[in-house]
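Tertiary structure, described
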Amino acid sequence: MIKILHTADVHLDSPLRSLALRNSDLRDAVAAASRSAFRGLVDFAISEQLSAVLISGDLFDGKERSARTGAFLMAELDRLGDAGIKVFYIKGNHDAENPITGTLDLPAHVHAFDARGGMEPLTDDIVIHGVSFADRHAPDSLLPRFKPPVPGAVNIAMLHSSLGGAAGHDIYAPCSLADLAGMGFDYWALGHIHKRQVHSAAPWIVMPGTPQGRDIGESGPKSATLLTIDQGQIDICEVPSSVVEFAQSELDVTETESDEALRGLLKSHLSAMRNQIAAPIGVIRLILTGKPKRHWQILRDRDVWSEQVNELAQATGDLWIDKLLFDLPPPDATEGASGAADELATIMATIREDPGFAALARDEVETVLQDLPVALRDRLMADGAARDAMVDKLTKAGAELVLAQMKGAGH
């Protein structure tokens with residue numbers, strides 16, 4: 001019986017994005033999450049006495065150059081080598097553009113496939129095939145570079161590919177599932193798409209996903225895949241790997257009629273979320289929804305609730321808040337309402353539609369954005385349409401804040 005671990009998209013030392021984390025210990029833990037997840041997989045491979053580890057691309061993260069990343073990786077590879085575990089590695093698009101990959105002298109037990117493609121025996125009857133990216137762009141299929149499967153052996157093929165395309169991922173080494181199934185390999189060890197998916201069991205076509213999510217957009221538990229090969233038959237199972245698990249949740253607060261009721265509901269919800277998260281650390285984005293009677297008071301006190309939610313989350317044990325969002329539509333206006341706050345709301349709506357005000361708001365936003373790093377500025381305001389959308393969002397939020405202060409007063 002032979003056991004092999006399949007992982008991909010490790011993105012060592014990739015910065016975890018979109019986090020508003022004020023606790024320094026938590027920031028350190030989150031910053032080291034990609035390393036911790038990889039180290040955990042190495043620990044698993046050693047403890048389970050595996051025969052090999054397959055890394056199907058994007059071991060590194062883009063153009064980030066760090067001698068520390070290389071030193072960490074070499075130490076972990078040495079641990080695998082000392083345990084008699086072979087490593088098979090193909091370069092993905094991020095590896096191909098990373099300067100570290102060209103300077104590391106990999107140990108003898110690590111076989112890195114090149115862009116020409118090749119095959120390497122693991123045992124007398126198990127053969128590993130692989131093709132690496134030559135550079136970060138791979139607009140054409142890499143399947144023609146694979147050598148034919150070896151007759152009578154279990155043939156495992158390693159490929160970094162976007163397949164037929166996936167939301168949030170550029171097209172790299174495109175191919176179809178039918179193309180893969182028709183190649184004659186027993187197991188396709190894929191990489192590139194960060195969400196786990198078992199596309200087929202005959203043959204096995206497996207995208208393990210990233211072993212560690214990097215932001216709220218990569219929420220949920222992450223894992224690698226364990227292959228067990230017995231008498232030519234392959235079975236697979238998931239190996240949990242997340243050190244930090246991201247989650248997003250909505251909570252309907254319609255029925256809360258007091259601060260105490262809202263606090264109790266939040267406490268119960270956060271406790272349930274902590275129980276659902278298997279990773280040592282949970283980071284959540286919580287969205288309050290519904291139509292509570294105390295709409296304006298809740299919005300008026302949003303800073304207070306943000307602090308309370310942070311405290312309640314931490315009290316559950318290693319659960320942290322990325323953001324607390326308020327998706328609370330305003331209550332239906334009372335017929336004939338003509339109070340000062342309602343008059344002000346009408347005036348602010350009129351002002352927001354004024355071309356002169358819109359121009360001033362755009363200028364103000366652009367002035368603030370000029371102080372940001374270019375990459376961040378481009379992400380926030382890629383073009384004029386994005387700028388106008390940001391201005392509209394900010395002016396609406398400002399008007400809502402003013403109304404909350406007025407309508408929530410006295411309660």
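Everything discussed here concerns the structure shown above.
Residues numbered from 1 in each chain as written. Predicted model: local features only at pLDDT ≥ 70, side-chain atom pairs only at ≥ 80, totals over all residues. Heavy atoms only, no water.

1. What to know about the overall build of the protein chain
Within the protein chain one finds 12 helices and 15 strands. Counting over 411 residues, the protein chain shows a buried share of 46%. In the protein chain, of all internal contacts separated by at least 6 residues, the share reaching a separation of at least 24 is 71%. Of the roughly 20100 Å² of accessible surface on the protein chain, a fraction of 51% belongs to carbon and sulfur atoms. (Helix = DSSP H or I, 4+ residues; strand = E, 2+ residues; numbered from the N terminus. Buried < 20%, exposed > 50% of the residue type's maximum accessible area, 1.4 Å probe, protein only. Contact = heavy atoms within 4.5 Å. Areas by Shrake-Rupley, 256 points an atom, 1.4 Å probe, with all protein chains shown as cover.)

2. Overview of the sheet that holds strand E1 (residues 2–7)
The strands making up a sheet associate through backbone hydrogen bonding, with each pair oriented either parallel or antiparallel. Spatially, the 6 strands line up as an open sheet ordered E4-E3-E2-E1-E11-E12, and their pairing is mixed. Either end of the sheet is taken by a strand with one partner, and the two such strands are strand E4 (110–112) and strand E12 (233–240). Each adjacent strand pair in this sheet contributes to an overall mean axis angle of 20°, direction not counted. Across 8 bridges, the pairing between strand E11 (residues 223–230) and E12 is antiparallel. (Pairing = 2+ DSSP bridges. Axes fitted to C-alpha atoms, helices over the stretch in contact; angles between N-to-C directions.)

3. So, the pairing of strand E9 (residues 197–201)
Residues in a regular strand point their side chains to alternate faces of the sheet. Two strands pair when backbone bridges link them, and E9 and strand E10 (residues 204–207) are joined in this way by 4 bridges, in the antiparallel orientation. Residue valine 198 lies in a different strand from E10, and its bridge partner there is valine 206. From the end of E9 to the start of E10, which pair antiparallel, there are 2 residues.

4. Structural notes on the pattern of salt bridges
Close approach of charged atoms lets side chains of opposite charge pair. In total, this model carries 12 salt bridges according to the counting rule given. Between arginine 35 and aspartate 13 there is a salt bridge, with its nearest N and O atoms 2.8 Å apart. Taken together, the positions of arginine 35 in helix H2 (residues 33–47) and aspartate 13 in the loop between E1 and helix H1 (24–31) put the pair 22 residues apart, joining distant regions of the chain. Exposure remark for aspartate 13: the relative accessible area of 25% places this residue in the partly exposed category. Between aspartate 114 and arginine 116 there is a salt bridge; the shortest N-O distance is 2.6 Å. Under the relative-accessibility criterion, arginine 116 is labelled exposed at 68%. (Salt bridge = Lys/Arg side-chain N within 4 Å of Asp/Glu carboxyl O.)

5. A short note on the side chain of serine 223
As for its position among the elements, serine 223 is in strand E11. With relative accessibility at 3%, the residue serine 223 sits in the buried group. The residues contacting serine 223, other than those within four sequence positions of it, are Arg196, Pro208, Gly209, Thr210, Pro211, Glu238, Val239, Pro240 and Ser241.

6. What to know about unusual backbone geometry
Cis peptide bonds are those with omega within 30 degrees of zero, and the linkage from alanine 202 to proline 203 qualifies with 0°. The residue proline 203 is located in the loop between E9 and E10 in this model. A positive phi angle is found at aspartate 9, which is not glycine, with a value near 55°. Mapped onto the elements, aspartate 9 comes out in the loop between E1 and H1. Residues other than glycine seldom take positive phi values, yet aspartate 58 does so here, at roughly 55°. Among the structural elements, aspartate 58 can be located in the loop between strand E2 (52–56) and helix H3 (67–82). According to the relative accessible area criterion, aspartate 58 is buried, its value standing at 1%.

7. What to know about helix H8 (residues 302–315)
Compared with an ideal rise of 1.5 Å per residue, which puts 14 residues at 20 Å, H8 spans 20 Å between its outermost C-alpha atoms and is within 8% of the ideal. Among the residues of H8, those classed as buried are Trp305, Val309, Asn310, Leu312 and Ala313. Positive backbone phi, at 105°, marks glycine 317, one or two positions downstream of H8. (Expected span 1.5 Å × (residues − 1).)

8. Some words on the packing of helix H6 (residues 259–276) against H8
Between H6 and H8, whose axes approach to 10 Å, the crossing angle comes to 40°. The angle between H6 and H8 places the two elements in the oblique class. Crossing hand, H6 versus H8: right-handed. Touching Asp259, Leu262, Arg263, Leu266, Lys267 and Leu270 of H6 are Trp305, Gln308, Val309, Leu312 and Ala313, all from H8. (Parallel < 35°, antiparallel > 145°, perpendicular 65-115°, else oblique. Left-handed = near helix turned anticlockwise from the far one by under 90°.)

9. Let's talk about the sheet that holds strand E15 (residues 319–326)
Read from one edge of the open sheet, 3 strands run E13-E14-E15, paired in parallel fashion. The open sheet has two edge strands with one neighbour each: strand E13 (244–252) and E15. Each strand axis lies, on average, 20° off the axis of its neighbour in the sheet, ignoring direction. For E13 and strand E14 (residues 281–289), the ladder comprises 9 bridges, and the chain directions are parallel.

Scope: geometric values only; no functional claims are made or implied.
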